[in-house]
Amino acid sequence: MSSSSSSDSDNDDIDLAINQIVMNNVRAAELIKELYDNNLLQDEVGETSKIPRGPRKDRGREEEHNKLVADYFAEHPVYNDVDFDRRFRMSRRLFLRIVNDLDREVDFFKQQWDARGVKGFSPLQKCASAIRQLAYGSASDAFDEYLRMSETTSMDCLEHFCKGIIFLYMRQYLRKPTATDVQAIYALHEQTHGLPGMLGSIDCMHWYWKNCPMAWRGQFHRGDHTGPSVILEAVASQDQWIWHAFFGVPGATNDIIVVNQSPIFNDLFENKALDSSFVVNNTHYNHGYYLADGIYPEWTTFVKAFRYPVEEPRVHFKTRQESARKDIERTFATLKDKWHVVKYPARVWTQRKLSLIMHTCIILHNMIREDEGFSHYPFDPTEVLPGEIETTISEEDRARNVNLVKNSERHANLRHDLSIHGSGKADVAADVAACMAVEIMKRLPVKSLIQFRSVCKAWKSLIDSSPFISDHNNVSQDHHLMIRYRPPCWQLGSEEEVKYVSFVDDDSFPQNKFAPPVPPILPSLYGSGIIDTSCGLVCLEGSLPPEGSSKTRMVVLWNPSIRKSIAIVVPDEVQSRSHRLINFGVCPETKDPKLVKISSKNDDDGNQVMVFTLSSREWRCLSSSNHLPRKSLAFGNIGQTVIGRFLYQFVFEGEFCLILSFDLTNEEFREVPVPDSLQQSFLTMSKLRESLVLIDYQERDSTTGIDVFDVWMMMEDGAFTKLFTIKDASVERILGFNKTGEPLVEIRSPDDVNSVLLAVYEPCLDHIKDLEICRPGLCFSMCSYNESLLLLDHEDGCIVSCGAVKG
Amino acid sequence: MSKKTLTLMSKDKQLFNIEEHLAVQSVTIRNMVKEDGASSVIPLPRVDSETLALVIEYLNRQQAPEEDEDYVKKFVDERGEIPTLLELAQAALDLDIKKLMDAACMKVADLIKDFTLEEVREALRIENDRTPEEEKAIRDEFQWAF
């Protein structure tokens, strides 16, 4: 094993040579210092010494060398060029070039003999082993049988191969673009994407790190990823040449933090950058830019797509920007597919080795792009590369340069000029209008928006897009009260006679009203009723007419402002014994309607909770990690209330009454106590503006013989305060509250004892005013909603069957 | 504490003076002041001088906080022209003056909400890029709204 025994002196040689690169190339200095300085002085913390050498086995390495030659490198090899390309990821020509260079320049790869005169591994074998490990991402001993190389030697090969590649090729194949390169890149992007001044696309990629030390996992693991990872920030041009690679930021961070740590703009900050000026839309810009996605900051060096493009040039620009930015995603995919070692979680133990492997893969990737003829960037080794000139700059100048780059105004101007550049139009007034159209449209009422979908193509696609639908919902819209009632001469089964009337809840109430056409499925449902409203959606439930013994329960989500509805089938269990409750709410963050079904199969199992989200169109069971309601809680079927992100309802523990809240964003249950003073009474809940209200009903005050209603409001700290008391003989029920906080009540008609009327109670005057609406009617119920565009992006009247239920 | 004055420069190179403690109602200017310290002239290359004059009139208002809402409403009501309001809203968006932008956009929304499609296109300089048949098809999806 003479070849590996010389590795120590070899290491020093490389390190010396690398020091020379350090002298010449400042950027290489940053990287290579990081890579090697530690190594020269001592091993990185946590890096264990080599695996102890096992007993020598006579593997017959020389015969194996001959076999390898016969397989791939002989005059008439067993495997042809296609096979070679596939297994070595590169052409035979390029592979032999690398082997020859390494053989010549790096001692480790020279053919050597040990003291007994036994021949060591040939350069071919060592390179083949390293390439195979990179290409297949397999364990170091996976090729023992084929290449006859022990695990230890394979690992040595890989490390020296990486060092050798970086040492030999980094200056050329991972260089910063020279003046010639910049012009070539500009020409390429102008031709392929029509974007002048574009230097490439920037993005980050995560390389998972399986053997990340346990103590570091926190900083390397971000919640949306499956494990610890290390981030690579890269810039690629359209031909998939990688111009910049910055590797080693722990995976828990995001792209903004990476770009702030990255040396990518150091040249600009330190006045070392080349002149890469260009002109677009008659404006002169000093340096090129990179296309980036939404998370990147608004600097002059990034160009992002418009979030809501409305005017034609901007829509067009968004399309072009997004299709051009795919370059970097394509490059990452190519890199991972070529070098499986970066596709799978890394098994090495130190960041130093991760960095070596990543840089090697990128350099090889660029070499292959060039070898295969996709990229052609001529390189003169004697040329002084950008960044290699040492300059000094004062702190103030540097700070000024940083401010120039991080200027969002210039970012906006550049983006604007680029969008004009592609379209040939420059109408300032139209442009201002387009810019503000989104902000204005967010504030338009629903009906106008429905009409304005016809204004132009861009407006329609904007109004129909889900980010706009949810943004529109965040701006306060007109408030409505919907009243459901049925005529007095109503007979069981004639559901179509149930009336729904919607009133605009403003100063004019109850003058402005309309009767939206009810969802087509609703009249065919038995025992239907309103569950609740949330974010402009009214949720109703009912059952289809029974067929045999089975009964299908349906929930209808109805947006009366845009007159669209969706019906959802509720999954049925065979052994449903006691209660089954359906709750409804719209998650305020995602604007995703959710149904919550709570059922108990039998007394031992406790409560089973299933959640349906409209976006997934699936029912799934919640697990006990969501703090399911306790077994001992019994549900009273007396309605729910949604306020903000919480869904409230009453539950009972024996005689004791509690409020159970369900968080629509993280799907957790919690219990809210009800004050002792309210325990003995008959409670209902309702919503007053955006607060929870409890209505305490006491039958027949002992002295006056009149029913009494106390209205309690939950304050922010969870305590309840009494708002007012209604003492009036005619009041039957409180239905709900209008926008000004006055309760709508059902009163007994003074003329006819059997009929009821709808009235409003004015607390400050202690007076009841008959509204003279919805008469004659019975069984009033009421709900309030804000206008919204929810469901606009769904098909009207469709029925979602329950399908498979996810565990 | 002495009152510092900032100078703002509009698109057509006109200069406007404003006291710093009033100017920093704009989040954009506040950030610029914080970062650059004592920079003398702040260029606003997307705002023309008429609009900037309006913005400065708004920033210079001396209103008690409880009357502020009404003042902003009145301020935009007096400038009932859609092009002016759009420029104003754009400037408020660039300078990040939330109240002014909200009010200006709300006013435009109020003005155009009952417009016909043709009027909307004219007001906001939008070209109709659909054939009458296509337009009718979209209308028919929501027949009730027309």
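Just above sits the structure.
Residues numbered from 1 in each chain as written. Chains lettered and ligands numbered in written order. Predicted model: local features only at pLDDT ≥ 70, side-chain atom pairs only at ≥ 80, totals over all residues. Heavy atoms only, no water.

Visitor: Describe the pattern of salt bridges, listing the residues and the values that go with them.
Guide: Residue and element names in this part refer to chain A. All chains considered together, the criterion is met by 49 salt bridges over all chains. Here Asp371 makes a salt bridge to Arg93, at a shortest N to O gap of 3.0 Å. Of this pair, Asp371 sits in helix α16 (residues 351–371) while Arg93 sits in helix α6 (residues 92–105), placing them 278 residues apart in sequence. Overall, the relative accessible area of 21% leaves Asp371 in the partly exposed class. Under the relative-accessibility criterion, Arg93 is labelled exposed at 57%. (Salt bridge = Lys/Arg side-chain N within 4 Å of Asp/Glu carboxyl O. Helix = DSSP H or I, 4+ residues; strand = E, 2+ residues; numbered from the N terminus. Buried < 20%, exposed > 50% of the residue type's maximum accessible area, 1.4 Å probe, protein only.)

Visitor: Describe the sheet that holds strand β22 (residues 669–673) of chain A, naming the residues involved and giving the relevant values.
Guide: Residues and elements named next belong to chain A. Strand order in the open sheet formed by four strands is β19-β20-β21-β22, with antiparallel pairing between adjacent strands. Either end of the sheet is taken by a strand with one partner, and the two such strands are β19 (634–643) and β22. With direction set aside, neighbouring strand axes in the sheet form an average angle of 30°. (Pairing = 2+ DSSP bridges. Axes fitted to C-alpha atoms, helices over the stretch in contact; angles between N-to-C directions.)

Visitor: Could you give an account of the pairing of strand β25 (residues 708–714) of chain A, naming the residues involved and the relevant values?
Guide: For a regular strand, the rule is simple: side chains alternate between the two faces of the sheet. Residue and element names in this part refer to chain A. Most of β25 sits inside the fold, with seven of its seven residues counted as buried. Alternating residues of β25 divide into Val708, Asp710, Trp712 and Met714 and Phe709, Val711 and Met713, and every residue in both groups is buried. One ladder, built from seven bridges, connects β25 with strand β26 (residues 720–727); its direction is antiparallel. Paired with Phe709 across the strands is Ile726, a residue of β26. Between the antiparallel neighbours β25 and β26 lie five residues, among them Gly718 with a positive phi of about 90°.

Visitor: Tell me about the interface of chain B and chain A, and name the residues and values.
Guide: With 39 residues of chain B at the interface, the matching set in chain A holds 34 residues. Taking both partners together, chain B and chain A bury about 3600 Å²; carbon and sulfur atoms supply 63% of that area. The three residues of chain B that bury the most area against chain A are B:Arg125, B:Phe142 and B:Trp144, which together make up 18% of that side's buried surface. Linking chain B with chain A are two salt bridges, by the criterion used here. (Contact = heavy atoms within 4.5 Å. Buried area = accessible area lost by both parts, 1.4 Å probe.)

Visitor: Describe the packing of aromatic side chains, listing the residues and the values that go with them.
Guide: Residues and elements named next belong to chain A. For the coordinates displayed, the defined rule picks out 43 aromatic pairs over all chains. Relative to Phe302, the ring of Phe265 has its centre 5.5 Å away and its plane inclined at 70°; by these criteria the two rings are edge-to-face. Taken together, the residues span a long stretch of sequence, with Phe265 in the loop between α12 (255–261) and α13 (266–269) and Phe302 in strand β7 (residues 302–303) at a distance of 37 residues. Just as Phe265 is buried, Phe302 falls in that class too. Through a chain of ring-to-ring contacts, the aromatic side chains of Tyr72, Phe73, Tyr79, Phe84, Phe88 and Phe95 assemble into a single cluster. The ring of Phe121 carries the charged tip of Arg61 above its face, separated from the ring centre by 4.6 Å. Over the ring of Tyr79 we find Arg87; its NZ or CZ atom is 4.7 Å from the centre of that ring. (Phe/Tyr/Trp six-rings, centres within 6.5 Å; stacked < 30°, edge-to-face > 60°. Lys NZ or Arg CZ within 6 Å of the ring centre and 35° of its normal.)

Visitor: An account of the packing of helix α9 (residues 151–173) of chain A against α16(A) is needed here, citing residue identities and associated values.
Guide: All names here are of chain A. It is at 9 Å that the axes of α9 and α16 come closest, and there the two elements cross at 50°. Here α9 is positioned oblique relative to α16, judged by the angle of their axes. Between α9 and α16 lies a crossing of left-handed hand. Residues Leu158, Glu159, Phe161, Cys162, Lys163, Ile165, Ile166, Tyr169, Met170, Gln172 and Tyr173 of α9 lie in contact with α16, whose contacting residues are Arg352, Lys353, Leu356, Ile357, His359, Thr360, Ile363, Leu364, Asn366, Met367 and Glu370. The residue inventory of the contact of α9 with α16, partitioned by class, reads 13 nonpolar, four polar and five charged. (Parallel < 35°, antiparallel > 145°, perpendicular 65-115°, else oblique. Left-handed = near helix turned anticlockwise from the far one by under 90°. Nonpolar A, V, L, I, M, F, W, Y, C, P; charged D, E, K, R; others polar.)

Visitor: I'd like to hear about the sheet that holds β7(A), residue by residue, with values.
Guide: All names here are of chain A. Pairing is mixed in the open sheet, where five strands are placed in the order β3-β2-β1-β6-β7. The two strands at the open ends of the sheet, each matched to only one other strand, are β3 (242–250) and β7. In terms of strand pairing, strand β1 (residues 198–208) meets strand β2 (residues 229–236) through eight bridges, oriented antiparallel. Its bridge partner lying in β2, Ser201 is registered against Ala236. Set on the sheet, helix α14 (residues 312–338) makes contact with β1, β2, β3, β6 (289–291) and β7; between it and β1 the angle comes to about 45°. Packing of α16 onto the sheet brings it into contact with β1, β2 and β3, and relative to β3 it is tilted by some 165°.

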